[in-house]
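Given next are the chains, with one letter for each unit.
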Amino acid sequence: MLLDLPRLKPGKLRYISSTHYIDEEHRKWLDYYSVPAHGKLTLLEVSSPGVIASLWLTVAGGFSKPAVKDYLRRLIIRAYWDGELSPSIEAPLSCFFGSCYSTNTITEYHHYSSLVMGTTSGGYYTFLPMPFKRAIIEVENCSGLDVDHLYYMISYYEGVDVSSMGRLHAVWRSENPTELGKPYLILEALGQGHYVGTVLAMEGLSQANPPSGGLGFLEGNMMIYADGELAYGSTGTEDYFLSGWYFIKGPFNAPFHGLLIKDEERFRILAYRFHIPDSIPFQRELRVMIHHGEYDEVLAKYESVAYWYQAEPHKEFNRIDCKSLS
């Protein structure tokens, strides 16, 4: 990547932010937009080809007032590429940026920084490139609370040939509880592309019947099938996240992998892994799944975001129902 830094770039960098004039004659502006309860806000709409290089946003009040933390889970970020009616990205805002852990309707914000995305001291950011011929990015407020202050900055390159580039996709899924005897499905995609990352939140269910077995769900292996063949398999859940022995040394964050939560009292784990040096290509189809326990015998709550690039059109995934977020 550093070797590409001196390479001269085509096109121009463009910048869009939430700063906007409210009185252009007297040069008065606001740096934020408000999003009413159950309303939407379009962050970006571009009708010519380009590549988004960086996206940052923050929500005022989402980190100190418990009632307002409802925003962090119930704000949904969506991206539509190339005029498609179905979003290629759809996830709770906090989950999309890796801070994917909730207790009822309250989402915990976890400070971390990886090379491609993070949640740093109140902000959310990603540097995952997002090519497009046309682009719309929006945020929907699924909560019953008005979001008074949403700030954002997006930079993108125009005048770039994107014809040979895949489009970034991200999908959120959850199961509570997981299904006995059946692995947890993270992603099922059709088309040509490559898989680039996973965020996974897990919680053992101490009151489950049969009991959860503490952190026993970590015995489960990650299995990634490309075009019907096993392309990647792990020797345990923590091993997929490049750790060992049930994350024996506790939380950390590295450029491409990290552990944000290890709570042994409440059997909670939150981890991320980005396949930047080792993306997993597929020509026709991709299935990403992980076992909860060695043989899917451990009941748990699982929540995930999968990230991948592929040529459009994509297989439509199950859409988020605002009423189901809890």
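My aim in this report is to walk through the structure given alongside it, one point at a time. (Residues numbered from 1 in each chain as written. Predicted model: local features only at pLDDT ≥ 70, side-chain atom pairs only at ≥ 80, totals over all residues. Heavy atoms only, no water.)

1. Remarks on the nonpolar core
- In terms of nonpolar packing, the biggest core is built from 55 residues, with Leu43, Ile52, Trp81, Ile137, Leu150 and Tyr307 touching the most fellow members.
- Counting 32 residues, the second-largest nonpolar core is a separate cluster that includes Val171, Leu218, Ala271 and Leu286. (Core = buried A, V, L, I, M, F, W, Y, C linked by side-chain atoms within 4.5 Å. Buried < 20%, exposed > 50% of the residue type's maximum accessible area, 1.4 Å probe, protein only.)

2. Observations concerning the sheet that holds strand β26 (residues 285-290)
- Read across the sheet, 4 strands follow the order β18-β26-β20-β21 without closing on themselves; strand pairing throughout is antiparallel. Looking at which strands have only one partner, the edges of the open sheet turn out to be β18 (184-190) and β21 (229-233). Taking the axes of each pair of neighbouring strands and ignoring which way they run, one obtains an average angle of 15 degrees across the sheet.
- Two strands pair when backbone bridges link them, and strand β20 (residues 222-226) and β21 are joined in this way by 4 bridges, in the antiparallel orientation. Bridged to Ala226 within β21 is Glu229. (Pairing = 2+ DSSP bridges. Helix = DSSP H or I, 4+ residues; strand = E, 2+ residues; numbered from the N terminus. Axes fitted to C-alpha atoms, helices over the stretch in contact; angles between N-to-C directions.)

3. With respect to unusual backbone geometry
- Looking along the chain, the bond that leaves Asn176 and enters Pro177 is cis, with omega of 5 degrees.
- Examined against the element boundaries, Pro177 turns out to sit in the loop between β17 (167-175) and β18.
- At the junction of Glu312 and Pro313, the peptide bond is cis and its omega measures out at 5 degrees in the coordinates.
- Counting through the fold element by element, Pro313 comes out in the segment after β27 (300-310).
- Phi is positive for Asp227, which is not a glycine, with a value near 55 degrees.
- For Asp227, the position within the fold is in the loop between β20 and β21.
- With a phi close to 60 degrees, Asp296 is a non-glycine residue in the positive phi region.
- Looking at the secondary structure, you find Asp296 in the loop between β26 and β27.

4. Here we look at the state of the cysteines
- Scanning the entire structure with this criterion turns up 1 disulfide.
- The partner cysteine of Cys95 in its disulfide is Cys100, sulfur to sulfur 2.3 Å. Residues Cys95 and Cys100 are joined through a disulfide that is right-handed, its torsion about the S-S bond being 65 degrees. Cys100 carries the same exposure label as Cys95, and that label is buried. (Disulfide = S-S within 2.5 Å.)

Bear in mind that shape data such as this cannot, by itself, settle questions of function.
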